Amino acid sequence: MPPVLQRLQQATKMSRRKILLLVLGCSTLSLLIHQGAQLSWYPKLFPLSCPPLQDSPPRPKHMTVAFLKTHKTAGTTVQNILFRFAERHNLTVALPHPSCEHQFCYPRNFSAHFVHPATRPPHVLASHLRFDRAELQRLMPPGTVYVTILREPAAMFESLFSYYNQYCPAFRRVPNASLEAFLRAPEAYYRAGEHFAMFAHNTLAYDLGGDNERSPRDDAAYLAGLIRQVEEVFSLVMIAEYFDESLVLLRRLLAWDLDDVLYARLNARAASSRLAAIPAALARAARSWNALDAGLYDHFNATFWRRVASAGRACVEREARELREARERLLRRCFGDEPVLRPAAQIRTKQLQPWQPSRKVDIMGYDLPSGRAGPATEACLKLAMPEVQYSSYLLRKQKRRGGMRLRPEPVLDNPPPRPIRALRPGH
């Protein structure tokens, strides 16, 4: 035993075995701290409550993920989780060609040509697109895990109506921007095939690559077929109303830690920009008008809970509770003792100011306390960074990594919601 340890043994009367265990423990802790500083933006906050079954060998973290980011379903928050995971593990994120803004030329059918060459071949994809199975499988590597998220159609439609009110012609026609007036007679305002018409009718079905003009009342077989197509491709369909439970299932599917799915709410509307509660009659009308979305949601909501039961409901609920507690600790660490969502006008950090779709809708965000700097602040910045800023940042970073010449990216103070542009020849 080295002299310094002999003196420690004499002073403390500890056994040689305890001394060695103490030294080993301190060395291991030092190594973990060093690795954490290099590989993680924040230390692990809790152990896993739901380990894999004893007869299942441990799996490495799955690194190739394609997330179909549906509209107004908490998809931006999931996207941010995937962006941060990709950065921590030095993975390539597929990002749109500049002609497509920061979505993959939505609402056109997805094409691999819409992906910026500096972001190919990718490990992770998480920006808005209209699903096209063949094109995605041509882009993503074999073994990619496909996931998506759905939201209860009435709540989703209220959010769509508010968010895209100034862009969707069907919504603009409604007197006094009244959701009730639209749902009382949607055919009076809706025109199939118009620009952004998909935001006014069965948006989930459209995003999933389906025909949003089909009605399950007229053609039940179409809904059944669409459900089968989704089940064939997507390993997990998350449910926005049970977001934390969905993240528990996601981390189990990908063999990630719960730390990997910590999050801050992004792209949330202010209370003044949304209905506090949707009246029952209005919810029924919204589901009736969006019957295809309602059928999709009801089916996958049921399969979601069967999956929770298979994983062990008590176990999933315990992990979800631990996730919420750890998330609150992280938010306080990043944004102060009382972290609150703020209007964009009150956010001093430009990189955290969320895009505002119109003057009638306030999108909230977090701000960093003043006077902070360092790796922890950088981690907190990414935790709350809106989609537009994070996408632009990742594109610049991946261009540098690939040795591409950087050109200034145009910064729009209030861009429209991704206009459709034709790609230049050869791109």
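Quantities reported herein were computed from a predicted structural model and do not represent experimental measurements.

Draft legend 1. Fine view of the sheet that holds strand S3 (residues 124-125). Reading across from one edge, S2-S3-S1-S4-S5 is the order of the 5 strands in this open sheet, with parallel pairing throughout. Since the sheet does not close on itself, it has two edges, and those belong to strand S2 (93-94) and strand S5 (236-239), each with one partner. With 4 bridges connecting them, strand S1 (residues 65-68) and strand S4 (residues 145-150) associate as parallel partners. Bridged to Phe67 within S4 is Val147.

Draft legend 2. Representation of the pattern of salt bridges. A complete count under the given rule lists 20 salt bridges for this structure. With its nearest N and O atoms 3.1 Å apart, the salt bridge here joins Glu378 to Lys382. Here Glu378 pairs with Lys382, and both are found in helix H14 (residues 375-383), just 4 residues apart, close to one helical turn. A relative accessible area of 2% places Lys382 in the buried class. One salt-bridge network, in which partners are shared between bridges, spans Lys61, Arg88, Asp257 and Asp260.

Draft legend 3. Main features of the packing of aromatic side chains. For the structure shown, the criterion picks out 26 aromatic pairs. Plain terms: the ring middles of Phe161 and Phe182 are 6.2 Å apart, the flat faces sit at 50° to each other, and that makes the pair tilted. Within this pair, whereas Phe161 is found in helix H5 (residues 153-163), its partner Phe182 is found in helix H7 (residues 179-184), the two being separated by 21 residues in sequence. For the pair shown, Phe161 and Phe182 are each scored as buried. Plain terms: the ring middles of Tyr390 and Tyr393 are 6.1 Å apart, the flat faces sit at 55° to each other, and that makes the pair tilted. Taken together, the residues span about one helical turn, with Tyr390 and Tyr393 both in helix H15 (residues 387-402) at a distance of 3 residues.

Draft legend 4. Structural view of the confidence of the model for the protein. Of all residues in the protein, 80% have pLDDT values of 70 or greater, and the mean over the chain is 85. Contacts of residues 19-47 to residues separated by more than four positions or lying in other chains number 39 contacts, the stretch itself having pLDDT below 50. The low-confidence segment residues 408-427, where pLDDT is below 50, has 43 contacts with residues more than four positions distant or belonging to other chains.

Draft legend 5. The arrangement of the state of the cysteines in detail. Enumeration over the complete set of coordinates arrives at 2 disulfides. A sulfur-sulfur distance of 1.9 Å marks the disulfide that ties Cys100 to Cys105. Taking the sign of the S-S torsion, about -75° here, the bridge from Cys100 to Cys105 comes out left-handed. What pairs with Cys334 in a disulfide is Cys380, and their sulfur atoms sit 2.0 Å apart. Classification of the bridge connecting Cys334 and Cys380 rests on its S-S torsion, roughly -75°, and on that basis the disulfide is left-handed. Here Cys334 is found in helix H13 (residues 313-335), whereas its partner Cys380 is found in helix H14, with 46 residues between them in sequence. Comparing Cys334 with Cys380, the two get one shared label, buried.

Cut-offs and rules
- Residues numbered from 1 in each chain as written.
- Predicted model: local features only at pLDDT ≥ 70, side-chain atom pairs only at ≥ 80, totals over all residues.
- Heavy atoms only, no water.
- Pairing = 2+ DSSP bridges.
- Helix = DSSP H or I, 4+ residues; strand = E, 2+ residues; numbered from the N terminus.
- Salt bridge = Lys/Arg side-chain N within 4 Å of Asp/Glu carboxyl O.
- Buried < 20%, exposed > 50% of the residue type's maximum accessible area, 1.4 Å probe, protein only.
- Phe/Tyr/Trp six-rings, centres within 6.5 Å; stacked < 30°, edge-to-face > 60°.
- pLDDT = per-residue confidence, 0-100.
- Contact = heavy atoms within 4.5 Å.
- Disulfide = S-S within 2.5 Å.

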